[in-house]
Amino acid sequence: MQEREPNAMDALNASISHITENIDRYRKQPQHFTRKSKLPFEKLVNVVLNMQGNCLNAELQEAFPELSERMTASAYVQARDKLSLPVFEDLLSDYNQSAPKRLLNGKYRLYAIDGSDFKTPWNPKSAFIVDTNKRNGESLKPFCQIHANIMYDIIARQYMDCVLQPRNSCNERDAALEMIGRMPKETRSPKTAVQQWDFEDRCTIKFRAVKFLINDPDTGKDVWEVLVTNLNRLEFPVAKMKELYHMRWDIETSFRDMKYSIGAIHFHSKKDEAVQMEIYARLIMFNAVERNIIAAKEWEAAQTETAKQAVENTENSDTKETATKYPYNIDFKMACLSTRRFFRLHCNEPIEKLYEELLKYKQPIRQGRRDERNVKIKSAVAFVYRVA
């Protein structure tokens, strides 16, 4: 029986409480967050997590509807600058520990590691400046860009870890090794867990090369992909490897959802540390939204099964299930909106209310549809061009 998805919002609030208990690690000075204020540490973390794509004053208005509780944008910035960067790094790690394991074939964790660029507001003091010099004979203005190396659980649709680097000097291999080194020991093989590989002078390593066609045959172009793996050929034949390769693409679509639905291209500061905090905050909220979507589906399935059993127990049990042309999935963008709203009202509404809201917005999944990938570099949304 599949492990039931816990209440993702309760788990997130619990993780924030865990971080708050260790506040000394996450404030820059011992006297920070010691006095009574409108924005204590725990509430500040909540506000940063729930930021959207509005200007700062609009964000604070959303977070604090009551004028008596609302602070100025300047007061918020001063409070935020008291936080140290590890607060959201550790919050991501703590929150992931509460998620149930979702395994491939009941025994494998399926991870993908890839990078994505975040163009941030221009800051001449930034450590993330990309000096373009000249390109194609044209002088281009320098800009600020962060390269995020991300480890992603494909089955659970969760961001597991992240290493941020300057775009000019990013090294995805080193970042991948760093994230693998931080993985819990129970997710690794015994030798990898203790990081001991004694090969002496020479050893024999067995692997196999898997080659398959990944293009659309209708285009007339033969594009092959070659994978090197040590997975068992009986359990993972060529067709299964091709399926895994296709599943890996989900990390790319998750980047799109994180940037343009969660709002990871809308920053509320030019300062490097604050920008990095917001990237981690968006990773956390992406995980919360996905966990709510999974929980809502499981809740709907349980409700449907209960109703079905109730009908079968009646004398007239000749009702037929309605078939649909396409399978349906919950709209991720609307799930973001509902999750953010519920995160603010969490203490006043039951979690089932959120599930009902998520299930209200579904989209058909039309298999085989293809859109041309837009690889145009997109700039950060400037502060003065935010919607009201």
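Refer to the structure presented above.
Residues numbered from 1 in each chain as written. Predicted model: local features only at pLDDT ≥ 70, side-chain atom pairs only at ≥ 80, totals over all residues. Heavy atoms only, no water.

**Student:** What is the right way to look at the nonpolar core in this model?
**Tutor:** Soluble, globular proteins show a tendency: their nonpolar side chains are buried together. Counting residues in hydrophobic clusters, the biggest one holds 83 residues, and the most contacted among them are Leu-12, Phe-41, Leu-49, Tyr-76, Phe-88 and Met-258. Considering every element that reaches this core, the biggest residue donor is helix H10 (residues 272-312), with 15 residues. Ignoring anything within four residues of it in the chain, the contact list for Leu-49 reads Leu-12, Ile-16, Phe-88, Leu-91, Ala-281, Arg-282, Ile-284, Met-285 and Phe-343. By size, the runner-up hydrophobic cluster in this structure holds five residues, among which are Met-151, Ala-175, Met-179 and Met-183. (Core = buried A, V, L, I, M, F, W, Y, C linked by side-chain atoms within 4.5 Å. Buried < 20%, exposed > 50% of the residue type's maximum accessible area, 1.4 Å probe, protein only. Helix = DSSP H or I, 4+ residues; strand = E, 2+ residues; numbered from the N terminus. Contact = heavy atoms within 4.5 Å.)

**Student:** Please explain the side chain of Asn-149 as it appears in this structure.
**Tutor:** Relative to the assigned elements, Asn-149 resides in strand E5 (residues 143-153). Given the relative accessible area of 1%, Asn-149 is considered buried. A polar atom in the side chain of Asn-149 sits 3.0 Å from the side chain of Gln-165. With residues up to four places along the chain from it excluded, the contact list for Asn-149 reads Asp-114, Gly-115, Asp-161, Cys-162, Val-163, Gln-165, Glu-172, Ala-175 and Met-179. (Polar contact = N/O pair within 3.5 Å; in protein donor to acceptor, adjacent residues only side chain to side chain.)

**Student:** I keep staring at helix H5 (residues 86-97) and nothing clicks. Help me out?
**Tutor:** Residues spaced three or four apart along an α-helix point in a common direction, a consequence of the helix completing one turn every 3.6 residues. In this model, H5 (twelve residues) spans 17 Å end to end at C-alpha, consistent with the 16 Å of a helix rising 1.5 Å per residue. Among the residues of H5, those classed as buried are Val-87, Phe-88, Leu-91, Leu-92, Asp-94, Tyr-95 and Asn-96. (Expected span 1.5 Å × (residues − 1).)

**Student:** Even after reading the chapter, I still don't get the packing of helix H2 (residues 41-49) against H5, so can you show me in this structure?
**Tutor:** One way to put it is that H2 packs onto H5 with a least axis distance of 12 Å and a crossing angle of 75 degrees. In terms of orientation, H2 lies roughly perpendicular with respect to H5. Together, Phe-41, Val-45, Val-48 and Leu-49 of H2 and Val-87, Phe-88 and Leu-91 of H5 make up the contact between the two elements. Residues belonging to the contact of H2 with H5 are distributed by class as follows: seven nonpolar, no polar and no charged. (Axes fitted to C-alpha atoms, helices over the stretch in contact; angles between N-to-C directions. Parallel < 35°, antiparallel > 145°, perpendicular 65-115°, else oblique. Nonpolar A, V, L, I, M, F, W, Y, C, P; charged D, E, K, R; others polar.)

**Student:** What is the right way to read helix H8 (residues 238-248) from this model?
**Tutor:** Turning to H8, its buried residues are Lys-240, Met-241, Leu-244 and Met-247. Buried residues of H8, viewed axially, fall in a sector of 115 degrees; they line one side. Looking at H8, the residues exposed on the side facing more than 90 degrees away from the buried face are Ala-239 and His-246. The secondary structure elements touched by the buried residues of H8 are strand E7 (208-213), strand E8 (224-229) and helix H9 (250-262). (Arc of directions from axis to C-beta.)

**Student:** So what exactly am I meant to see when it comes to the pattern of salt bridges here?
**Tutor:** Note on pairing: side chains with opposite charge can pair once their charged atoms come close. Summed over all chains, the structure comprises 22 salt bridges. Across the pair Asp-161 and Arg-182 runs a salt bridge whose closest N-O atoms are separated by 2.9 Å. Here Asp-161 is found in strand E6 (residues 158-166), whereas its partner Arg-182 is found in the loop between helix H6 (172-181) and helix H7 (190-194), with 21 residues between them in sequence. The class of Asp-161 is buried, set by a relative accessible area of 13%. Each of Arg-157, Asp-250, Arg-256, Asp-257 and Glu-290 takes part in salt bridges that share partners, so that together they form one network. (Salt bridge = Lys/Arg side-chain N within 4 Å of Asp/Glu carboxyl O.)

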